[in-house]
Amino acid sequence: LPARSLAQLPIGFAYVYKAVRESSVRVQAIDVDLVAYHRYHARRCLNYVEQISFGEQVHPQDPWQAENYIVWTDPNFINYFSDILDELVEKIVEARPKAVGFSLHQTSHVAIKRVVDQLRRLLPQVVVIVGGMSCYQHFVARRIFPEVDYVVVGEADTVIGPLCEALARGERPRDLPGIVSK
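K.L.:
Explanation requested: the side chain of Ser23 in the structure shown.
P.N.:
Structurally, the position occupied by Ser23 is in the loop between helix H1 (11-21) and helix H2 (32-46). A distance of 2.6 Å separates a polar side-chain atom of Ser23 from the backbone oxygen of Val20.

K.L.:
Just checking my understanding: could you explain the nonpolar core for this structure?
P.N.:
A general trend in soluble globular proteins is that nonpolar side chains are found buried together. Formed by 40 residues in total, the largest nonpolar core has its most connected members in Leu1, Trp72, Phe81, Phe102 and Leu119. For this core, the elements supplying multiple residues, two or more each, are H2, helix H3 (75-79), helix H4 (82-95), strand E3 (99-103), helix H5 (109-122), strand E4 (127-131) and helix H6 (141-144). Counting residues in hydrophobic clusters, the runner-up holds 14 residues, among them Ile129, Val152, Ile160 and Leu163.

K.L.:
Which parts of the structure should I look at to understand the environment of Val58?
P.N.:
Turning to its location among the elements, Val58 is positioned in strand E2 (residues 57-58). Between the alpha carbons of Val58 and Gly131 there is a distance of 31 Å; along the sequence they are 73 residues apart. Excluding anything up to four places from it in sequence, Val58 contacts Gln51, Ile52 and Ser53.

K.L.:
Quick question: what am I supposed to make of the pairing of E3 here?
P.N.:
One face of the sheet, then the other: side chains in a regular strand alternate in exactly this way. Alternating residues of E3 divide into Val100 and Phe102, all buried, and Ala99, Gly101 and Ser103, none buried. The pairing of E3 with E4 spans 5 bridges and is parallel. Within E4, the residue paired with Gly101 across the bridge is Ile129.

K.L.:
How should H5 be read in this particular structure?
P.N.:
In an α-helix there are 3.6 residues to a turn, and that puts residues three or four apart on one side. Taking 1.5 Å per residue, 14 residues should reach 20 Å; H5 reaches 20 Å between its end C-alpha atoms and fits that length. What H5 keeps buried is the set Ala111, Ile112, Val115, Val116, Gln118 and Leu119. Down the axis of H5, the buried set is contained in an arc of 160 degrees. They therefore lie on one face. If you follow the buried residues of H5, they end up packed against H3, H4, E3 and E4.

K.L.:
It is not clear to me how unusual backbone geometry should be interpreted in this structure. Could you clarify?
P.N.:
Negative phi values dominate among residues other than glycine, just as trans dominates among peptide bonds. The phi torsion at Arg96 lies on the positive side, around 50 degrees, for a residue other than glycine. Tracing the chain through its elements places Arg96 in the loop between H4 and E3.

K.L.:
Mind showing me how you'd approach the confidence of the model for the chain here?
P.N.:
The predicted coordinates ought not to be read in detail in places where the model reports low pLDDT. Here the chain averages 90 in pLDDT, and 97% of its residues register 70 or above. The least confident element of the chain is H6, whose mean pLDDT is 79; the most confident is H4, at 97.

K.L.:
Help me out: how do you make sense of the environment of Thr73 in this one?
P.N.:
Assignment of secondary structure puts Thr73 in the loop between E2 and H3. Thr73 sits in the partly exposed class, given a relative accessible area of 40%. For the pair Thr73 and Asp83, spaced 10 residues apart in sequence, the C-alpha separation works out to 18 Å. Sequence-distant contacts of Thr73, defined by excluding residues within four places in its chain, comprise Gln106 and Val110. A distance of 2.6 Å separates a polar atom in the side chain of Thr73 from the backbone oxygen of Ile70.

K.L.:
In this structure, what is going on with the pairing of E4? I would like to understand it.
P.N.:
Of all 5 residues making up E4, 5 are buried, and the element is well covered by its neighbours. Burial along E4 is two-sided: Val127, Ile129 and Gly131 and Val128 and Val130, pointing in opposite directions, are all buried. Inspection of the sheet shows E4 paired to strand E5 (residues 150-152) by 2 bridges, in the parallel sense. If you follow Ile129 over to E5, its bridge partner there is Tyr150.

K.L.:
Explain the packing of H1 against helix H7 (residues 160-168) to me, please; I cannot follow it from the model alone.
P.N.:
Geometrically, a packed helix pair is captured by the angle between its two axes and the distance between the axes. Between H1 and H7, the shortest axis-to-axis distance is 8 Å and the interhelical angle comes to 50 degrees. Between H1 and H7, the crossing angle belongs to the class labelled oblique. Relative to H7, H1 is oriented so that their crossing is right-handed. Side by side, H1 and H7 meet where Val16, Ala19 and Val20 of the first sit next to Ile160, Gly161 and Cys164 of the second. Looking at the contact of H1 with H7 residue by residue, the class counts come to 5 nonpolar, 1 polar and no charged.

About the thresholds
Residues numbered from 1 in each chain as written. Predicted model: local features only at pLDDT ≥ 70, side-chain atom pairs only at ≥ 80, totals over all residues. Heavy atoms only, no water. Helix = DSSP H or I, 4+ residues; strand = E, 2+ residues; numbered from the N terminus. Polar contact = N/O pair within 3.5 Å; in protein donor to acceptor, adjacent residues only side chain to side chain. Core = buried A, V, L, I, M, F, W, Y, C linked by side-chain atoms within 4.5 Å. Buried < 20%, exposed > 50% of the residue type's maximum accessible area, 1.4 Å probe, protein only. Contact = heavy atoms within 4.5 Å. Pairing = 2+ DSSP bridges. Expected span 1.5 Å × (residues − 1). Arc of directions from axis to C-beta. pLDDT = per-residue confidence, 0-100. Axes fitted to C-alpha atoms, helices over the stretch in contact; angles between N-to-C directions. Parallel < 35°, antiparallel > 145°, perpendicular 65-115°, else oblique. Left-handed = near helix turned anticlockwise from the far one by under 90°. Nonpolar A, V, L, I, M, F, W, Y, C, P; charged D, E, K, R; others polar.

See the structure below:
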């Protein structure tokens, strides 16, 4: 989910997707940050506006630039993207997965919490997994994102496949190597 640094390719996202795809689990993946980025700038460019306003809040011309990352921690700013986030929730609910995973970093906490809160209400049995830049220390993993069932600490591509296979079988493993459970 938004906002990832566009200066970096989402290579971790690709590694995790590949690892799950190579397991016995069916997987779907979407880079919502890319969708949000293009919709945001299409609205700005097609409407010939320098800056987008939402309510009384004037957005930076490009919120994805590093100097503007603080805006992603503001729930009111995230509300501007509610159409995209609600569409994502709708598609996830329609697919009825056993588990959903998110790449968590300091600029995506608010958007992910918004989506997870809706999923918990609409799909209470869905298992939520996070990993990413905010999940690199095992001793803070449970505090990083309390709404989660599993936190992948460090590199996920070696541990995510077996976790997803166990979840698909209806198992709820606890504290596997590289994974902290709720």
